[in-house]
Amino acid sequence: MSARHGPAVDVPSGRPATVRTPPPGDPRLARLSLNQWTTRRWGVAEAVAGCARFGVPAIGLWREQVAEHGLAATARLVRDAGLQVSSLCRGGFLTAADPAGASRALDDNRRAIDEAATLGAGCLVMVVGGLPAGSRDLAGARARVASVLEELVPYAVRAGVRLALEPLHPMYCADRAVLSTLGQAVDLAARWPAEAVGVVVDTFHVWWDPEVLSQVARAGPRIAAFQVCDYLVPLPADPLLGRGMMGDGVIDFRPLRAAVDAAGYTGFVEVEIFNADVWDADGHEVIATLIRRYVTEVL
């Protein structure tokens, strides 16, 4: 734990906290989840211990850290701590045009599905991939995503794993996700039963969309994960790291949270922040801050 004394200070802003940190057992925390990437410097054991210490009941795991800790050991550690796994990140990157690349993607996603099953994850987050190197064929890339999913969905159903398609902000269309709107994700997911393929509503990626509230309502039971973080202005040189602590950017969270609730989603609200300053801060202070900001900005 950090040795900081005196009034609580939010990180990374350095501003005094406006509320006390809710203690473990506070009913307002019942749906909160820490996405592991928010405390990226921590391994699985530290992240699980941090959740347990602060009374965060769920964790979103990343495959890289799970592999480092060991799959079976991670499943056991999370279970023994009394936590739930809200999601596993990530599967996807399905747009390879060459047969060898497509085969590798299928194999990796089958492994990801098996890992999600072992961990008892609420869903496997699918970042579908961008344009292959040298390609400008956006329609072809989107068609390949649908084609690969036709092979993956039956495998996931047999494993008891729900796939969750995540639309990313359009600035990531070329290199990370050719699904850019929630509407596109719902359209694609609708080819399969809702319990097999759902969608992720991530505030960073969808806040700007003038149709987002109507698309959240349309998604309804397909909402498999709800992730929150803020959108910083100006964005850093690497826009991947432009995700901020709730309240440090421009997103109005409550209308989005209310829409997700009204659509029938009762699962965890996962805080997922990619930000160098957050990663450099003390992990315990990060969790304390995100708990306070969750209460003041999201609920």
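These remarks concern the structure in this document. (Residues numbered from 1 in each chain as written. Predicted model: local features only at pLDDT ≥ 70, side-chain atom pairs only at ≥ 80, totals over all residues. Heavy atoms only, no water.)

Sheet strands pair by backbone hydrogen bonding; their relative direction is either parallel or antiparallel. Strand order in this closed barrel of 8 strands is β1-β2-β3-β4-β5-β6-β7-β10, and the pairing throughout is parallel. Going from strand to strand, the sheet's axes swing by 30 degrees on average, the running direction of each strand aside. Bridging between strand β1 (residues 32–35) and strand β10 (residues 269–271) involves 3 bridges; their strand directions are parallel. Its bridge partner lying in β10, Ser33 is registered against Glu270. Seen against the sheet, helix α4 (residues 99–119) touches β2 (58–62), β3 (84–92), β4 (124–127) and β5 (163–165) and runs at an angle of roughly 180 degrees to β3. (Pairing = 2+ DSSP bridges. Helix = DSSP H or I, 4+ residues; strand = E, 2+ residues; numbered from the N terminus. Axes fitted to C-alpha atoms, helices over the stretch in contact; angles between N-to-C directions. Contact = heavy atoms within 4.5 Å.)

Each neighbour pair has its own omega, and for Val11 with Pro12 the value is 0 degrees, a cis peptide bond. You can see Pro12 is positioned in the segment before β1. Looking along the chain, the bond that leaves Val233 and enters Pro234 is cis, with omega of -5 degrees. Residue placement: Pro234 occurs in the loop between β8 (230–231) and β9 (243–244). Positive phi is not limited to glycine here, since Phe93 has a value of about 50 degrees. Relative accessible area serves as the criterion here: at 33%, Phe93 is assigned to the partly exposed category. (Buried < 20%, exposed > 50% of the residue type's maximum accessible area, 1.4 Å probe, protein only.)

With that settled, the discussion passes to the side chain of Gln215. Within the fold, Gln215 resides in helix α8 (residues 212–219). At a separation of 2.8 Å, a polar atom in the side chain of Gln215 contacts the side chain of Arg218. If sequence neighbours within four positions are ignored, Gln215 has contacts with Leu182, Gly183 and Val186. (Polar contact = N/O pair within 3.5 Å; in protein donor to acceptor, adjacent residues only side chain to side chain.)

Below, the discussion takes up the packing of aromatic side chains. Two aromatic rings, taken as a pair, are described by how far apart their centres are and by the angle between their planes. Applying the stated criterion across every chain, the model contains 6 aromatic pairs. For the pair Trp207 and Tyr231, a centre-to-centre distance of 5.2 Å together with 55 degrees between the ring planes defines the contact as tilted. Taken together, the residues Trp207 in the loop between α7 (203–206) and α8 and Tyr231 in strand β8 connect sequence positions 24 residues apart. A relative accessible area of 11% means that Tyr231 is categorised as buried. Geometrically, the ring pair formed by Phe274 and Trp279 is tilted, given 6.3 Å between the ring centres and 45 degrees between the ring planes. (Phe/Tyr/Trp six-rings, centres within 6.5 Å; stacked < 30°, edge-to-face > 60°.)

Take the packing of helix α9 (residues 253–262) against helix α11 (residues 283–298) next. Orientation of α9 relative to α11, taken along the N-to-C sense of each, is 85 degrees, at an axis distance of 9 Å. The angle between α9 and α11 places the two elements in the roughly perpendicular class. In this structure, α9 contributes Phe253, Arg254 and Arg257 to the contact, and α11 contributes Val295, Thr296, Glu297 and Val298. Grouping the amino acids of the contact of α9 with α11 by side-chain chemistry returns 3 nonpolar, 1 polar and 3 charged. (Parallel < 35°, antiparallel > 145°, perpendicular 65-115°, else oblique. Nonpolar A, V, L, I, M, F, W, Y, C, P; charged D, E, K, R; others polar.)

This part is about the nonpolar core. Leu124, Leu149, Leu165, Val216 and Leu290 are the most contacted members of the largest nonpolar core, which totals 99 residues. Apart from residues no more than four positions distant in its own chain, Leu124 is found in contact with Leu88, Arg90, Gly91, Ala112, Ile113, Ala116, Val161, Arg162, Leu163 and Ala164. (Core = buried A, V, L, I, M, F, W, Y, C linked by side-chain atoms within 4.5 Å.)

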